[in-house]
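Report on the structure
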Amino acid sequence: MKISYNLLKKLIDVDLPASEQLDALTSIGLEVEGSSIYESIPGSLEGIVVGKVLKCVKHQNADRLKVTEVDVGAKNTLQIICGAPNVKTGIKVPVALVGTKLYNEKNESFKILKSKIRGVISEGMICSEKELHLGESHEGIMILDEIHPVGKKCLDVFKIYNDILIEIGLTPNRSDAMSHLGVARELKAWCISNNINYSFKIPKVKEYSIGNTSSFKLKVENFEMCPYYSGALISNIEIKPSPKWIQNYLKTIGITPKNNIVDITNFVMHELGQPLHAFDFSKVEHEIVVKTLPNNTKFTTLDGEERKLSHEDLMICDKSKPLCIAGVYGGIDSGISEKTKKIFLECALFNPICIRKSSKRHALTTDASFRYERGVDPDSVNYALCRAIDLIIDLAGGKLDGDILKIGAYKKNSKKINFRYDKIYSTAGFKIPESKIDIILQSLDIKIISKIKNELKIELPNYRHDVTREIDVIEEILRIYGYDNIPSLSDSKTHYPEKNIKSYESLENIIINQLIGLGFNEVVNNSIISSTSNNFKKEIDKSQLVNILNPIGIEISQMRNSLLYGLLENISFNLKRQEQIIKLFETGSIYLNDKENFIENKSLSLSLTGAFYKKNWIYNNQPDIFFKIKGIVNSLLTKLGFDKCEEIALNKNMFEKALEFRLGGKAIALTGTIDAKMRNNFDIDHQVAYAELDLNKIFEFYANKKFKVSSIPQFPFSKRDYAIMIDNHINFNSIKEKSFKINRKLLYKIDLFDVYKGKELPKNKKSYGISFYFYNKEKTITDSEINIVCDELEKMFINSFGAELR
């Protein structure tokens with residue numbers, strides 16, 4: 001944001017050099033990214049003096065050149081070659097001395113040198129208006145009044161405006177500082193806190209009556225988009241250039257002056273932060289209506305470009321046509337021209353979201369939209385309108401017709417919160433005297449309503465949209481107090497935020513850290529995907545899909561119902577770039593529509609593919625990676641303390657084989673290998689293992705789980721592997737459950753490491769490879785103890801499941 005130092009000084013005059021004021025702004029969060037000198041005349045006529053032509057004769061070697069002798073008030077006269085037709089003896093002229101820098105139309109400098117022109121020495125340059133940027137005339141040299149003494153500096157003859165252009169890098173939340181008044185308020189607070197002398201002056205405005213007595217009416221059809229709309233009819237307007245002081249302020253901050261009316265609206269917006277717009281009243285039919293128009297309505301803006309409107313664009317219209325895209329850009333048919341005699345001056349509050357959407361939709365970023373998008377001060381709307389009316393009456397000869405018109409009302413929702421003195425200490429680690437805190441609060445226009453012991457009841461100013469909580473107020477106090485003033489003390493306190501080990505963030509971090517340790521890489525995909533991808537999950541009805549109301553294209557038209565599609569796209573992308581081993585995971589939300597109630601579930605998905613094993617005489621083909629992904633999910637659930645999950649085999653759409661993990665009867669995870677048809681949709685010819693964890697359900701169990709801390713095992717465990725042939729209908733969970741009943745004291749873990757079905761086995765039979773882990777927490781377990789349990793296991797396999805040991 002660009003600030004004129006001279007205009008800022010009109011609002012707040014600080015008893016410090018400009019450089020120290022700029023440092024102060026940076027110290028309180030309004031970072032000054034740069035500053036530069038602005039000159040209304042480049043070079044400020046430095047090196048240009050008043051000269052008198054004593055002699056003027058024709059150049060002996062050039063028909064159009066003349067050799068002059070010029071008195072510039074020095075000991076010796078100067079010989080200057082000049083080609084201007086109006087140069088003659090006896091006139092006074094501006095002379096650029098040798099060494100002077102002049103500037104061309106592109107503001108590029110060049111130095112005047114002593115030189116030879118057609119064999120004759122020239123010791124300077126007699127200048128025209130255009131060469132000095134004092135006017136547009138370039139047909140001859142500039143002739144000065146006789147009253148100016150020879151040798152006088154031209155910078156003392158002409159009024160040159162100098163200013164400092166300050167460029168402030170504002171964060172988007174600081175809409176209150178997007179004006180000279182906003183910056184002045186900040187500087188005032190700093191001065192108060194640091195006991196610096198200052199004077200703060202807000203321009204006084206005339207109070208105009210507000211009513212709706214005029215025959216000209218205002219209508220607002222959507223108060224949600226425009227809660228408050230006001231304006232004034234001003235007649236007897238004379239369109240002419242603005243006075244120099246307004247032009248200078250505008251030029252300093254990079255705005256080209258146009259005419260007095262447009263310049264006044266721009267000036268007030270940059271002075272106070274409230275956008276305004278002026279309509280030529282002769283082009284307005286009967287009334288102003290604030291409304292939306294049908295899709296594809298054509299509208300030509302001030303830049304001459306025809307645009308197609310959306311039904312979401314808020315428009316300022318008259319009885320029959322649109323006049324302006326509200327808060328963004330005016331229309332070409334209602335703009336101010338030299339013929340304008342009467343105007344309607346608009347000042348309003350618009351919904352920031354509405355303005356932002358229209359601005360982005362039409363690629364129109366204007367000074368007005370920039371402010372409306374971030375929120376303007378609702379309390380300054382009427383003041384800004386009165387300020388503009390005063391200036392128009394004063395500078396354009398205007399006359400207010402009737403009262404100020406308004407429709408709607410801004411509901412003052414004064415933000416009142418409780419604030420504790422000791423909260424600053426616990427947050428910042430050092431104490432600020434309470435009296436100092438009170439001074440800073442008041443300097444920031446934060447009212448102290450009541451004070452009881454350590455606690456204050458405070459009211460926040462409406463222009464600070466970003467300050468809503470106690471912690472925000474603490475930040476305000478600290479930045480005005482000065483981060484450089486924070487002491488380095490041995491007893492200073494560091495504040496650590498409270499950490500709940502059973503928070504959702506803690507759960508997510510445990511899983512993510514585990515996956516990173518296993519070599520996985522995190523990806524972040526768009527949560528908006530194509531309807532084609534979103535329809536792969538056949539068990540989800542189309543009515544459950546969440547559609548985007550105004551999609552930019554079909555590729556981003558629905559909210560995803562699974563993280564699978566994004567991971568498959570990632571895998572396809574990496575495989576095409578010859579990545580051999582791909583291990584990815586993503587955390588994010590998936591979305592469903594349940595009878596118009598939108599459901600957002602947190603999910604974590606992981607996938608792996610590629611050549612995990614090098615081909616050799618043992619591995620001619622890659623082994624099935626189903627058990628690899630299953631083992632990873634098991635390790636995640638075990639890490640969370642869920643080592644007793646039920647595992648259920650499923651026939652699942654999009655999967656060759658799938659397994660569901662259940663806890664307390666609820667499905668908390670799904671793992672499996674993606675079928676070839678699904679992989680082909682993403683141009684993947686490798687086997688892909690995939691798992692999906694329902695973080696919402698897992699967190700329910702995790703938050704209610706009681707954790708026990710135990711010592712590191714003192715004794716070694718032992719393992720026995722069994723291969724058993726059983727009927728196809730028997731699942732692993734039933735074997736696992738039965739096995740634990742035999743001896744839960746010594747048998748502490750059971751894992752399925754292989755499932756085999758093939759021609760070597762009888763029909764309707766399968767083979768399970770199962771590992772049994774034994775451990776005695778009181779002593780080293782012996783083979784005899786293990787053998788007793790294994791005998792019982794073998795009997796159970798045969799008697800309970802009709803199994804055959806292999």
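None of these values were measured; they are calculated from a predicted model.

This paragraph deals with the pairing of strand β7 (residues 92-96). A large share of β7 lies buried, amounting to five of its five residues. Burial along β7 is two-sided: the face carrying Lys92, Pro94 and Ala96 and the face carrying Val93 and Val95 are both buried. Two elements, strand β4 (residues 48-58) and β7, share five bridges in a ladder whose sense is antiparallel. Opposite Gly51, over in β7, you have Val93 as the bridge partner. One ladder, built from two bridges, connects β7 with strand β12 (residues 125-126); its direction is antiparallel. Opposite Val95, over in β12, you have Ile126 as the bridge partner.

It is the contact of helix α10 (residues 421-428) with helix α12 (residues 470-481), at a shortest axis distance of 10 Å, that shows an interaxial angle of 75°. Classified by the interaxial angle, the pair formed by α10 and α12 is roughly perpendicular. In this structure, α10 contributes Lys423, Ile424, Thr427 and Ala428 to the contact, and α12 contributes Glu470, Ile471, Ile474, Ile477 and Leu478.

Across the sheet, seven strands lie side by side as β29-β33-β34-β38-β37-β36-β35; this open sheet has mixed pairing. Among the strands making up the open sheet, the edge pair consists of β29 (521-522) and β35 (646-650). Two strands pair when backbone bridges link them, and β29 and strand β33 (residues 581-594) are joined in this way by two bridges, in the parallel orientation. Residue Glu522 lies in a different strand from β33, and its bridge partner there is Phe585.

Turning next to the side chain of Ser193. The topology assignment puts Ser193 in helix α4 (residues 180-193). Take Ser193: its relative accessible area is 4%, and that puts it in the buried class. Here Ser193 is in contact with Lys436, Ile440, Ile480 and Tyr481, once residues within four sequence places are set aside.

Now for the state of the cysteines. If you walk through the whole model with that rule in mind, you get zero disulfides. A disulfide-free cysteine, Cys82 has its sulfur positioned 7.5 Å from the sulfur of Cys56, the nearest such atom. For Cys226, which is in no disulfide, the shortest distance to another cysteine sulfur is to Cys354 and amounts to 9.1 Å. With relative accessibility at 0%, the residue Cys226 sits in the buried group.

Here four strands make up an open sheet; going across it, the order is β17-β24-β16-β25 and the pairing antiparallel. If you trace the sheet from one side to the other, it starts and ends with β17 (277-280) and β25 (399-408), each paired once. Sheet twist, expressed as the mean angle between neighbouring strand axes with direction ignored, is 20°. Note: strand β16 (residues 228-235) against β25, seven bridges, orientation antiparallel. What sits directly across from Tyr229, in β25, is Ile407. Contacts from helix α9 (residues 381-396) reach β16, β24 (343-349) and β25, with the element oriented near 160° to β24.

Our focus in this paragraph is the nonpolar core. By size, the foremost hydrophobic cluster in this structure holds 115 residues, and its most contacted members are Tyr229, Leu345, Phe350, Phe419 and Val473. Looking at this core, the element that brings in the most residues is α9, giving 10 residues. Residues within four places of Leu345 in sequence aside, it is in contact with Ser230, Gly231, Ala232, Ile234, Thr265, Leu276, His277, Ala278, Leu385, Ala388, Ile389 and Ile392. With 31 residues, the next largest nonpolar core counts Leu507, Leu604, Leu663 and Leu695 among its residues.

With that out of the way, let us pick up the pattern of salt bridges. Pairing is possible between side chains of opposite charge, provided their charged atoms come close. Under the counting rule described, the total for this entry stands at 35 salt bridges. For the salt bridge of Arg307 with Asp303, the shortest nitrogen-to-oxygen distance reads 2.7 Å. One salt bridge in this structure joins Arg720 and Asp783, with 3.3 Å as the shortest N-O distance. Within this pair, whereas Arg720 is found in strand β39 (residues 718-727), its partner Asp783 is found in helix α20 (residues 783-801), the two being separated by 63 residues in sequence. Overlapping salt bridges bring together Arg174, Asp176, Glu186, Arg464, Asp466, Glu476 and Arg479 as one network.

Reading the values: rules and limits
- Residues numbered from 1 in each chain as written.
- Predicted model: local features only at pLDDT ≥ 70, side-chain atom pairs only at ≥ 80, totals over all residues.
- Heavy atoms only, no water.
- Buried < 20%, exposed > 50% of the residue type's maximum accessible area, 1.4 Å probe, protein only.
- Helix = DSSP H or I, 4+ residues; strand = E, 2+ residues; numbered from the N terminus.
- Pairing = 2+ DSSP bridges.
- Axes fitted to C-alpha atoms, helices over the stretch in contact; angles between N-to-C directions.
- Parallel < 35°, antiparallel > 145°, perpendicular 65-115°, else oblique.
- Contact = heavy atoms within 4.5 Å.
- Disulfide = S-S within 2.5 Å.
- Core = buried A, V, L, I, M, F, W, Y, C linked by side-chain atoms within 4.5 Å.
- Salt bridge = Lys/Arg side-chain N within 4 Å of Asp/Glu carboxyl O.

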